[in-house]
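The primary structure of each chain is shown beneath.
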Amino acid sequence: MDSGSDSVSEGTTVTPETPTTPANLKPMLQFNDNSSSDEDDKPRSKNLFRTKRRSSIAPLPALRLNDKEMMSNDFDTHSVLSNQASITSVNSLASLLKEKMQNVPAIIRKKKRETKDYKLRIFVGMLFLIIVFLVGYAYVMYNQKLLAKSYFESIKFHKKNRIFRLLDGKGGELLTGVLGTTLNIEQPYNCLPKDLKDDGSVCYEWNSKARLYMNLAKSPGPEIKCYSFQWESLLADLYPTDCFDVSEERGFWYGGGLTKGIEYILGKTTIPAGPFVTGDINMHQWGNALKRYFLNSRGVAVQVDEKTPLYISVNTDSGKRLCLQGKNDKFAFVNQQTLFPELKYTICSGPDMKTLHNGLMQKSLWDGLTERDNDVIKSLLREPVWQIPASKQEDLTEVAIYNYTESIIALGYLRLGHVLVNEFWQRTIGDFRLDQERFPTLDETVNILHRRGFRVSFMIQPFISTESSNFREAVAKKLLIYERESERSIPALTRYKSTTSAGVLDVTNNASITWLAEQLKRISETVEIDSYFLDFGTAFNIPRYYQCSQTLVNPDEYKNYFMERFEGTLSIFGVSSAISVPRPPAFLSLPPVNSSWSGLQSIIPTMLSYGIIGFPFLMPGPVGGDFVLPTQELKKMYSYYSFELPPLPDKELYIRWLQLATFLPVLRFTHLPSEYRDEMVIAIAKELADIRQRVLPLLERFSSIAMDEGLPIIRPLWMLDSTDVNCFSINDEFSIGDGMIVAPVLGQGETVREVYLPQGVWKDGIDESLRKGSRWIHNYHVPQNKVAYFIKMPDNTRF
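This write-up is about the structure you can find in this document. (Residues numbered from 1 in each chain as written. Predicted model: local features only at pLDDT ≥ 70, side-chain atom pairs only at ≥ 80, totals over all residues. Heavy atoms only, no water.)

**Concerning the overall build of the chain**
For clarity, the threshold we go by: Put simply, DSSP marks the helices as runs of H or I at least four residues long and the strands as runs of E at least two long, and each gets a number from the N terminus on. Exposure is judged per residue with a 1.4 Å probe applied to protein chains only, and the accessible area is read against the type maximum: over 50% gives exposed, under 20% gives buried, and values in between give partly exposed. Residues count as neighbours in contact if any of their non-hydrogen atoms are within 4.5 Å of one another. Throughout, the Shrake-Rupley method with a 1.4 Å probe supplies accessible areas, and for residues the shown protein chains are the sole cover considered.
Each helix and strand counted, the chain has 16 helices and 39 strands in total. Of all 799 residues assigned to the chain, the portion counted as buried reaches 51%. A separation of at least 24 residues holds for 68% of the contacts in the chain among residues at least 6 apart in sequence. Accessible surface, the chain as shown: approximately 38000 Å² in total, 52% of it carbon and sulfur.

**Observations concerning the packing of helix α8 (residues 398–411) against helix α9 (residues 442–452)**
In a pair of packed helices, the angle between the axes and the distance between the axes together describe the arrangement. Quick note on the threshold: Axes here mean lines fitted to C-alpha atoms, for a helix over just the part in contact, with angles spanning 0 to 180 degrees between N-to-C directions. The scheme is simple: roughly parallel for angles under 35 degrees, roughly antiparallel for over 145, roughly perpendicular for 65 to 115, oblique for anything else. Under this grouping Gly is polar, as are all residues other than the nonpolar Ala, Val, Leu, Ile, Met, Phe, Trp, Tyr, Cys and Pro and the charged Asp, Glu, Lys and Arg.
Contact geometry for α8 and α9: axes closest at 10 Å, N-to-C directions at 10°. Considered as vectors, α8 and α9 are oriented roughly parallel to each other. Packed against α8, whose contacting residues are Glu 398, Ile 401, Tyr 402, Thr 405, Glu 406 and Ile 409, the element α9 presents Leu 442, Thr 445, Ile 448, Leu 449 and Arg 452 at the interface. A class-by-class count of the residues in the contact of α8 with α9 yields six nonpolar, two polar and three charged.

**Some details on the packing of helix α15 (residues 651–661) against helix α16 (residues 679–709)**
Running from amino to carboxyl end, α15 crosses α16 at an angle of 10°, the nearest separation of the two axes being 10 Å. Here α15 lies roughly parallel to α16, going by the angle between them. Along its contact with α15, which presents Lys 651, Ile 655, Leu 658, Gln 659 and Ala 661, the element α16 presents Met 680, Val 681, Ile 684, Ala 685, Leu 688 and Arg 692. Residue composition of the contact of α15 with α16, grouped by class: eight nonpolar, one polar and two charged.

**Notes on the pairing of strand β20 (residues 418–421)**
The line we're drawing: A clockwise path from the first strand over the helix to the second, with the strands pointing away from the viewer, defines a right-handed crossover. Note: two strands are recorded as paired if DSSP finds a minimum of 2 bridges between them.
The alternating pattern of β20 places His 418 and Leu 420 and Val 419 and Val 421 on opposite faces, both of which are buried. Between the parallel elements strand β19 (residues 385–387) and β20, the chain passes through α8 in a crossover that is right-handed. Pairing geometry for β20 and strand β21 (residues 455–460), over four bridges, is parallel. When the sheet's bridge partners are listed, Leu 420 is paired in β21 with Ser 457. Crossover connection from β20 via α9 to parallel β21: handedness right-handed.

**As for unusual backbone geometry**
Backbone geometry follows two general trends: most residues other than glycine have a negative phi, and most peptide bonds adopt the trans configuration. Following Pro 584, the chain continues into Pro 585 via a peptide bond in cis, with omega recorded as 15°. Tracing the backbone through its elements, the reader meets Pro 585 in the loop between β28 (572–575) and β29 (587–589). A positive phi angle is found at Ser 774, which is not glycine, with a value near 60°. Relative to the helices and strands, Ser 774 is located in the loop between β37 (770–772) and β38 (775–781). In the Ramachandran plot, Asn 779 falls in the positive-phi region, its phi being about 50° despite a non-glycine side chain. Following the sequence through the fold, Asn 779 ends up in strand β38. Owing to a relative accessible area of 59%, Asn 779 belongs among the exposed residues under this scheme.

**As for the side chain of Ser 609**
In this structure, Ser 609 sits in helix α14 (residues 603–612). Sequence-distant contacts of Ser 609, defined by excluding residues within four places in its chain, comprise Gly 257 and Tyr 264.

**Observations regarding helix α10 (residues 469–476)**
Note that an α-helix has 3.6 residues per turn; residues three or four places apart therefore point the same way. For clarity, the threshold we go by: The arc in question is the one traced by the directions running from the helix axis out to the C-beta atoms.
When α10 is considered as a whole, its buried residues turn out to be Asn 470, Phe 471 and Ala 474. Buried residues of α10 fall within an arc of 105° about the axis and therefore sit on the same side. Opposite its buried face, α10 presents the exposed residues Arg 472 and Ala 476, each directed more than 90 degrees away. Residues of α10 that are buried in the fold lie against β22 (463–465), β25 (499–504) and α11 (510–526).

Laid out in structure tokens, this is it:
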């Protein structure tokens, strides 16, 4: 210290003395608790090198205790050895004055120090508040993170508001949505041990209202991950509902089936909540074929369990969302599989849409296929189906069949094929025997047709008109679907085509199967029938208050029962409706369409939609359409069955229709090209017949691939390149496998169109030029006698 140097006199050596203190005085260095916070309680050591005199008169400098200054006057105030000793000196007044004067700057410095301390306190306080805020924020975020827990690495689920996110390997969102939208926002609880499943599922319960089970599901391949979700409602009027974002920002959605608006991309249509069952596209929300399968262009798919009472809604008041709901009702899902409604489905993700779709498709359709079945498949690809035109019973006669086949032979440039006779071969639907008045010698006529190379097919159905003689027998033997809660005593009735009142065979009853097999055997003993076309109608053709011997999950399950029971017994080459892939060689028929340009434009979206959901073998309707709408505006469309077959369609419409049909798996006719008596029409038909022969190898090649892998023959362009966003929304082009692209003209009076070619090199079918892919061809010229198609060339092809 500086005072240490002052304690020794110049040139004199002084032996320090130990100071003595009177017994009644206890000298101390101490500070009151009320002193400044900058001062310390640490006692000051005495300077042993200061003389008594100098210590009595010298002003004490500012001391530092624990790095803090303490002014000399403060020190003297508390010290018993300070001013009392100094005032006894001769120069005490001068010394005191000098000491006070020296203390003035120190006092000023002390005030400055106190100001700095005040700011420091404010800073510390603010820092404390910030720390409290950050700790609270971290706590909240931590709890949010606990709520938005990660499941199985790829799923984020916020338990309280039930926001769902499916992530890819890089953390990007593949699928978003809200689960359990019919529940209130509330915190769920872990399920009780008695409610847990033994498969390791994660389980949450929402206050005795519903339970959600989540788990990993079996994946079809190493690149695909699948997750199962199951809602169990605990209340009769609570319908579990999960909704997913289908806006274009989240990718393009496909699947389900054909919608009423004929929309190929699911997110572009609006569908109010309703049962997911087949119907007449003119009246109901869904068409004649369905699969509980929905696919997204980002590589995500949703598959709903077959036993779920499924309601679907798309883009309703809740926004751009696809909603799945488990709901029982009075018709489609009247037979409850569980006490309360359930919703069960699986979500799968893959590296891309094509890989995922290929992995999820049904494989090995070869199982159980006979050589004869394979022959039928090839014949349907190579030879046309000739549907005898007859919109009324009196139009279909033995003479009409014979004359029609004569006209086919007279064409000379089309192969002979399958002659399809509709249900009017019976006097009344359900007779299952020939009308002898109109077909007195049909057996002889059929033999002639066989010798000429035709195959003869009859259209049959499980419906029996109340006017048929078989109806009374079927009622007596209890072979029909009966009214619910009637103890099988009252048959349930419905409408089918031209028949206003009909019963339906109960194919869950073994006696009904045996009875129908005997009826069809009796026909084959009279006439040699090559195959049958099964017309099931739709779910809405099943009686509303239906009840079968075995409980059906929904009316559409009837089709599966029928196909399973007659598998191997009947040779079936076509079905009118399906919810599962019919056993080959049966082709699924497209729904009937109006004979118009809008009808023509609906064919490609229908083919693409049905191919995506897993129906590889498709049979379009006849060239020119199935029916014609009346010119007057209809207040309500009941069914196409009430309309007659179209008269000869407009010539341009027929030509464009034939151009499209040339590239489809099955070529089907009612009106022949020769009916126009026009040389141009004949010339175009002959050229298209030649093109058909060049297309057949592709059709046969990809039909074999369809049998192995379940992939469709007619494919959307994104199956060629699932990374090309231009391919996602194109619904007026298609590819045959990956070997050919077809871009027909579908508008009246049009001779140019836009064409998109995916990656690769393509050979133009019109002028045989080579064209580079991954680009649009604008204003591509297609005259009326031509159709645009492009053949895929090897990858190493150079211009």
